[in-house]
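# Understanding the architecture of this molecule
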Amino acid sequence: MSKKIDEARKHLTKALKKHADVVGGSAVSLKKAERAASRVAEAASAYAELVEKKTGLPSPFQGVEPAGLEAETVASLEAERDALSTRPIPTVG
């Protein structure tokens, strides 16, 4: 097995386990679940890309709808990031 594919599979397995931990509890946080789902999607995409590069075979995840953060969550995170990156750093002196 290709080392890169094996590493991507391990990353995907880890992301799936984390997702199961997050959504398997009695109280499920929407944001944590969305983040975990996003990590699974990223790991699956990376795995599929490596498999396709090595073998030329299509993604083993064809037909699986990509899950992501809701548009409102993405907009909120981008606004927060932009606000933090443009804020002047206070100096002491």
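For the structure itself, look to the data block above.
Small disclaimer: the values here were computed from a predicted structure and weren't measured. (Residues numbered from 1 in each chain as written. Predicted model: local features only at pLDDT ≥ 70, side-chain atom pairs only at ≥ 80, totals over all residues. Heavy atoms only, no water.)

## Description of helix 2 (residues 30-55)
- Across its 26 residues, helix 2 extends 37 Å between first and last C-alpha, which sits within 8% of the 38 Å expected from 1.5 Å per residue.
- All of the buried residues along helix 2 are A33, E34, A36, A37, S38, V40, A43, A44, A48 and V51.
- Contact partners of the buried residues in helix 2: helix 1 (3-23) and helix 3 (71-86).
- At the exit of helix 2 stands G56, carrying a positive phi of roughly 80°. (Helix = DSSP H or I, 4+ residues; strand = E, 2+ residues; numbered from the N terminus. Expected span 1.5 Å × (residues − 1). Buried < 20%, exposed > 50% of the residue type's maximum accessible area, 1.4 Å probe, protein only. Contact = heavy atoms within 4.5 Å.)

## Some details on the packing of aromatic side chains
- The final tally for this structure, using the stated rule, is 1 aromatic pair.
- With a centroid separation of 6.3 Å and 65° between ring planes, the pair formed by Y47 and F61 is classed as edge-to-face. Here Y47, found in helix 2, pairs with F61, found in the loop between helix 2 and helix 3; they are 14 residues apart in sequence, far enough to count as distant.
- The partly exposed category is assigned to F61, whose relative accessible area is 29%. (Phe/Tyr/Trp six-rings, centres within 6.5 Å; stacked < 30°, edge-to-face > 60°.)

## Some thoughts on the pattern of salt bridges
- Enumeration according to the criterion identifies 3 salt bridges in this entry.
- Among the ionic pairs, R9 bridges to D6, the shortest N-O distance being 2.8 Å. Here R9 and its partner D6 are both found in helix 1, 3 residues apart, which amounts to about one turn of the helix.
- Owing to a relative accessible area of 21%, D6 belongs among the partly exposed residues under this scheme.
- Here K53 ties to E49 by a salt bridge, and the two come within 3.4 Å at their closest N and O atoms. Here the residue K53 and the residue E49 both occupy positions in helix 2, the gap between them amounting to 4 residues, near one helical turn.
- Looking at K53, the relative accessible area reads 64%, which means it is exposed. (Salt bridge = Lys/Arg side-chain N within 4 Å of Asp/Glu carboxyl O.)

## Describing a positive patch on the surface
- A cluster of basic residues, K18, K31, K32, R35 and R39, forms a positive patch at the surface.
- With respect to the helices and strands, the residue K32 is situated in helix 2.
- For K32, a relative accessible area of 52% corresponds to the exposed category. (Patch = residues over 30% accessible without salt bridge, like charges linked within 9 Å, V, L, I, M, F, W, Y side chains within 5 Å. Areas by Shrake-Rupley, 256 points an atom, 1.4 Å probe, with all protein chains shown as cover. Lys, Arg positive; Asp, Glu negative; His and termini not counted. Charge placed at Lys NZ, Arg CZ, Asp CG, Glu CD.)

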